[in-house]
Amino acid sequence: MAFDEMSGGAPVYGGKVRDSYRGLAKWLADAPEGLLQARSRQAELFFRRMGVTFAVYGDAESSERLIPFDVVPRIIGAAEWGGLEKGLIQRVSAINAFLADVYGKQECLKAGVVPAELILTNPQYAPEMQGRRPPRDIWVQIAGVDLVRTGEDGFYVLEDNCRTPSGVSYMLENREMMMRLFPDLFADYPVRPVETYADMLLASLRACAPEAAGSDPTIVVLTPGPFNSAYYEHSFLADKLGVELVEGRDLFVDDGKVFMRTTEGRQQVDVIYRRIDDAFLDPLTFRPDSALGVPGLMNAYEEGTVTLANAVGTGVADDKAVYTYMPEIIRFFTGEEPILNNVPTWRCREPDALKHVLANLGDLVVKEVGGSGGYGMLVGPASTKAEIESFRKKLINDPDDFIAQPTLALSTAPTLDKGELHGRHVDLRPFVLSSPDGVKVAPGGLTRVALKPGSLVVNSSQGGGTKDTWVLDV
Amino acid sequence: MLSRTADSLYWTGRYIERADFLARILEATIRLAAIPTRGDGDAETVWASALASAGAPKALGRAPTEKSVREYLAFSPDNASSIAACITRARTNARSVRTALTVELWEAINGAWNGLAEQGQPTRRDDFGHFLEWVKTVTLSVEGAASRTMLRNDGYYFLRLGAAIERADNTARLLDVKYHLLLPEGERVGGQLDYFQWTTLLREVSALTAYRWVYRDSVKPWLVADLLVLNRQMPRSLASCQASIVRYLEKLANDYGRRGPAQRLAAERMRAFDSSRIETIFQSGLHEYIQSFLNENGRLGQAIHEQYLS
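My aim in this report is to walk through the structure given alongside it, one point at a time.

Thresholds applied
- Residues numbered from 1 in each chain as written.
- Chains lettered and ligands numbered in written order.
- Predicted model: local features only at pLDDT ≥ 70, side-chain atom pairs only at ≥ 80, totals over all residues.
- Heavy atoms only, no water.
- Helix = DSSP H or I, 4+ residues; strand = E, 2+ residues; numbered from the N terminus.
- Rg over C-alpha atoms; globule rule 2.2 N^0.38 Å.
- Buried < 20%, exposed > 50% of the residue type's maximum accessible area, 1.4 Å probe, protein only.
- Areas by Shrake-Rupley, 256 points an atom, 1.4 Å probe, with all protein chains shown as cover.
- Lys, Arg positive; Asp, Glu negative; His and termini not counted.
- Charge placed at Lys NZ, Arg CZ, Asp CG, Glu CD.
- Expected span 1.5 Å × (residues − 1).
- Arc of directions from axis to C-beta.
- Contact = heavy atoms within 4.5 Å.
- Axes fitted to C-alpha atoms, helices over the stretch in contact; angles between N-to-C directions.
- Parallel < 35°, antiparallel > 145°, perpendicular 65-115°, else oblique.
- Left-handed = near helix turned anticlockwise from the far one by under 90°.
- Nonpolar A, V, L, I, M, F, W, Y, C, P; charged D, E, K, R; others polar.
- Polar contact = N/O pair within 3.5 Å; in protein donor to acceptor, adjacent residues only side chain to side chain.
- 1 Å grid on protein atoms, 1.4 Å probe; cavity = no way out; pocket = protein on both sides within 12 Å on 5 of 7 lines; lining within 4 Å.
- Points joined across faces, edges and corners; volume = space filled by probe spheres on them.
- Salt bridge = Lys/Arg side-chain N within 4 Å of Asp/Glu carboxyl O.
- Buried area = accessible area lost by both parts, 1.4 Å probe.
- Pairing = 2+ DSSP bridges.

A few words now on the overall build of chain A. Each helix and strand in chain A was counted, giving 15 helices and 23 strands. The C-alpha atoms of chain A give a radius of gyration of 22 Å, which matches the 23 Å a tight globule of 474 residues would have. Reported as C-alpha extents along the three principal axes, the dimensions of chain A are approximately 65 × 60 × 50 Å. Across the 474 residues of chain A, 57% fall into the buried class. When the accessible surface of chain A is summed, it comes to about 19,300 Å², and 51% of that surface belongs to carbon and sulfur atoms. Charge-centre separation for chain A: the mean point of 48 positive side chains lies 3 Å from the mean point of 65 negative side chains.

Printed below as a string of structure tokens:
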């Protein structure tokens, strides 16, 4: 049976309540009938008016969609959060050290902590970065770590996102919305503010600027443009940071430096918070057909005149196959036991594991190593025989491409459905920022919720919704 | 500011202004077509004049009717400058520079775009009239949001510059409606129909009352032209628009500490206005005057583009 964030047991509301949810339970009991539904409609209108949307690829009819927003917050107590925070800092510190090592001395490969061929033949491994160090030696300035919970003490890391993790705008907008809709509820709850995220991010990016940039570096956010699914987030972030939102065509490289075209002529750029994948950054180095990038950008990067956040080549750390080695990676680089656990995982590249996976396909979740956004996966218990058989063929043909995990009993949280509260499965993506000044976690995160009864799929591209996430002060 | 951002703001300003103008042109035309004294073939002339004023005299490729012109200027997806297309393009531009807009301005523009779907494409004349009212209201709220909430910096000046260039263009075209609306034979200049046509033009730029206050006279063609071309108190007059263009270009030059061809060209045109008299303009032909104004306005737009937006 799933663990419920509010009741601690089965998702039945009106009885036992966990400490962190007491205030909410009382408030809900006192709320007039229909209030939540009314607020829910208000929220939707507001999001529509603000244009808080994301684009759905291949969906011509509604190319801009709202992510459904659930008005019941997910609440995390101070002590629970304290543990998570330590674990996240430990994990992301290890990931940074791991990347520096992979593109440096490769001691963890020599020591056999991770199989060398898994790294060196990985499609996300960037040979261009071998022997190089990004400015200030920070690789993953912004990480989004996906967590799920199976019980009172059971948080698991489902996935590390070390390339261009998205969702932080929803973390901020959801809070904004909740404060607008339920001001009285906040008066009774010591909720830690997430608005500080923009300041934290700006400070991190500034601290990662090349030394030559001086005390007031020019920072920009680089977007693929308005047709990208996360464009709203890109513009939102640039706005909150108070920096230019640029597209590739706004930038050019001259004499090993990056400049942007402005109404007053050229201006040098020191830090690029890029929301473009490695492959599209520079058509001269990577995909020549990319119209999104900046020709010559990699030259400037190699000259050390510009910081890219995140660095090039970080995808090698969030690959689902590398994920399985994360506990060993953490032990190797920090000398400590991992605070946050991985979900037990079978690496299909190992013959014994493959045998086990093939024999139990109906009970497992099988994921493509390079897949994301809920694409390219098999959820055994929710799949038809035909789907399972077609995956079996893929697995046999290309075992290296897959991992498998047990279907976890993800925790549920009270969620509004047709005017009533029901338990729906949730996950959590906190955002972790790294700079020479240290690793910090924003006090909150993005809670995604599977809106369909029983569904475990929380991805927004697959119809999931979001909730505000409250981290309590006490 | 990024050149691309400035460009998008400039065009946001232009498209919103153009949407408003098209609504006004359509209202004027509906009113003109309703003059009871006209004969059978004349409605066609009126609707053809609307097309000509919108700068697309031959767009339909067949004899224009009320239905086809209304459809083309308000909704047509084939017309990149229809009201619906203008609002959509303004919104696309605004969205691509979302960070350069205040929340209020973005909501006003996005709200106009969201509203398009709700408005639908009314065909009944009264519903269509409501649609035009709605267009004027949303463009007003965009204008109001910009003026109330934006920082007075380059972003604001580019938005306004686009609007001023477009407005100058539109006033000139509106005046030219009169040229395209030939009086039927037998009608007298200064006669009832002529009077009605000029009055309608004034009404459409919300200037009929202003006219009375300024001239304390009955509606006369050269005074209407004086009001819409040379009167600096009239916010929509060519002289007034030109003064705004000069002002915004000067603000930019001051902020950036550099003047260029756009400033020089604009100042030159302002001097020409200051020495113009409406009698002289009428003598050499109002239509010719307007055509040359439109050309110069286009050249100025090009100079602004080269200096700042590319």
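Each helix and strand in chain B was counted, giving 14 helices and zero strands. In chain B, the order of α-helices and β-strands from amino to carboxyl end is α-α-α-α-α-α-α-α-α-α-α-α-α-α. Computed over C-alpha atoms, the radius of gyration of chain B comes to 19 Å, within 12% of the 19 Å expected from 2.2 N^0.38 for 310 residues, which places it in the range of a compact globule. For chain B, the C-alpha atoms occupy an extent of roughly 60 × 50 × 35 Å along the three principal directions. The 310 residues of chain B split such that 59% are buried.

Moving on: helix 15 (residues 385-397) of chain A. Residue and element names in this part refer to chain A. Here helix 15 contains 13 residues, and its C-alpha end-to-end distance of 19 Å stays within 8% of the 18 Å for a straight helix at 1.5 Å per residue. Of all the residues in helix 15, the buried ones are Ile388, Phe391 and Leu395. For helix 15, the arc enclosing every buried residue in end-on projection is 65°, short of the 170-degree limit, so these residues lie on one face. In helix 15, those exposed residues whose orientation departs by more than 90 degrees from the buried face are Ala386, Lys393, Ile396 and Asn397. Where helix 15 is buried, its residues meet helix 14 (351-359), strand 15 (364-368), strand 16 (377-379) and strand 17 (402-406).

Time to look at the packing of helix 1 (residues 3-33) of chain B against helix 8 (residues 192-204) of chain B. All names here are of chain B. Contact geometry for helix 1 and helix 8: axes closest at 9 Å, N-to-C directions at 150°. Compared by their axis directions, helix 1 and helix 8 come out roughly antiparallel. Along this stretch, helix 1 crosses helix 8, giving a crossing that reads as right-handed. Along the contact surface, helix 1 presents Arg24, Glu27, Ala28, Arg31 and Leu32, while helix 8 presents Phe196, Gln197, Thr200, Arg203 and Glu204. The class makeup of the residues in the contact of helix 1 with helix 8 is three nonpolar, two polar and five charged.

Tracing the sequence through the fold places Thr263 of chain A in the loop between strand 9 (257-262) and strand 10 (265-268). On the basis of relative accessibility, which here comes to 7%, the residue Thr263 of chain A falls in the buried class. Of note is the side chain of Thr263 of chain A, whose polar atom sits 2.6 Å from the side chain of Tyr256 of chain B. For Thr263 of chain A, the residues in contact, after removing those within four places along its chain, are Met1, Leu2, Ser3, Ala6, Asp154, Phe158, Tyr256 and Tyr308 of chain B.

On to empty space enclosed by the protein, then. Evaluation of the coordinates by the stated rule reveals four cavities of 30 Å³ or more. Looking at the largest cavity, its volume works out to about 90 Å³. Looking at the largest cavity, the residues that line it are Thr12, Gly13, Ile16, Glu17, Ile109, Val142, Glu143, Leu159, Arg160 and Ala163 of chain B. Of all elements in the fold, only helix 1, helix 6 (125-149) and helix 7 (154-180) of chain B reach the threshold of two or more residues within the lining of the largest cavity. Top contributing element to the lining of the largest cavity by residue count: helix 1 of chain B, with four residues. Taken together, the residues of the lining of the largest cavity sort by class into five nonpolar, two polar and three charged. A volume near 60 Å³ is recorded for the second largest cavity. If you go around the second largest cavity, the residues you meet are Gly51, Tyr231, Tyr232 and Ser235 of chain A together with Arg91, Arg95, Arg98 and Trp106 of chain B.

A few words on helix 10 (residues 221-229) of chain B. A large share of helix 10 of chain B lies buried, amounting to eight of its nine residues. Residues of helix 10 of chain B that are buried: Pro221, Leu223, Val224, Ala225, Asp226, Leu227, Leu228 and Val229 of chain B.

On to the packing of helix 3 (residues 78-102) of chain A against helix 13 (residues 326-334) of chain A. Pairs of packed helices are described in terms of their axes, by the angle between the two and the distance that separates them. Residues and elements named next belong to chain A. Orientation of helix 3 relative to helix 13, taken along the N-to-C sense of each, is 80°, at an axis distance of 9 Å. When the axis of helix 3 is compared with that of helix 13, the two are roughly perpendicular. Contacts between helix 3 and helix 13 pair Gln90, Arg91, Ala94, Ile95, Ala97, Phe98 and Asp101 from the former with Met326, Ile329, Ile330, Phe333 and Thr334 from the latter. For the contact of helix 3 with helix 13, the class distribution of residues is eight nonpolar, two polar and two charged.

Moving on: the pattern of salt bridges. All names here are of chain B. For the structure shown, the criterion picks out 54 salt bridges over all chains. A salt bridge links Asp20 to Arg24; its shortest N-O distance comes to 3.0 Å. With Asp20 and Arg24 both in helix 1, this residue pair falls four residues apart, about one helical turn. Comparing Asp20 with Arg24 shows no difference in burial state: the two are buried. Ionic contacts of the salt-bridge type, sharing partners, join the residues Glu17, Asp20, Arg24, Glu143, Arg160, Arg167 and Arg236 into one network.

A separate point is the interface of chain B and chain A. Contacts between the two partners involve 22 residues from chain B and, on the opposite side, 23 residues from chain A. Here chain B meets chain A over a buried area of about 2,000 Å², counting both sides, of which 45% is carbon and sulfur. Its largest share of buried area at the contact with chain A, chain B owes to Leu2, Arg4 and Arg95 of chain B, together 32% of the area lost on that side. Counting the contacts that link chain B with chain A gives three salt bridges. The tally of links between chain B and chain A comes to 13 residue pairs in polar contact (both at pLDDT 80 or more). Contributing elements (two or more residues each) for the side of chain B that touches chain A: helix 1, helix 4 (83-96), helix 5 (103-119) and helix 7 of chain B.

With that out of the way, let us pick up the pairing of strand 22 (residues 446-449) of chain A. All names here are of chain A. In strand 22, alternate side chains face the same way, and those of Leu446 and Arg448 on one face and Thr447 and Val449 on the other are all buried. Here strand 19 (residues 420-429) runs beside strand 22; their pairing, made up of four bridges, is antiparallel. By the bridge assignment for strand 22, Leu428 is matched with Thr447.

Time to look at the sheet that holds strand 10 of chain A. Residue and element names in this part refer to chain A. Reading across the sheet, the three strands line up as 8-9-10 and stay open at both edges, with antiparallel pairing between neighbours. Strands at the two margins of the open sheet, each flanked by one partner only, are strand 8 (251-254) and strand 10. Strand-to-strand twist of the sheet, defined as the mean angle between neighbouring strand axes without regard to direction, takes the value 40°. Looking at chain direction, strand 9 and strand 10 are connected through four bridges and run antiparallel. Paired with Thr262 across the strands is Gly265, a residue of strand 10.

All names here are of chain A. On the basis of which strands lie adjacent, the open sheet formed by four strands has the order 7-6-11-12 and parallel pairing. Each edge of the open sheet is held by one strand with a lone partner, namely strand 7 (244-246) and strand 12 (307-309). Strand-to-strand twist of the sheet, defined as the mean angle between neighbouring strand axes without regard to direction, takes the value 30°. With three bridges connecting them, strand 6 (residues 219-222) and strand 7 associate as parallel partners. Considered in strand 7, the bridge of Leu222 is made with Val246. Here helix 9 (residues 231-241) sits on the sheet in contact with strand 6, strand 7 and strand 11 (271-274), set at roughly 150° to strand 7.

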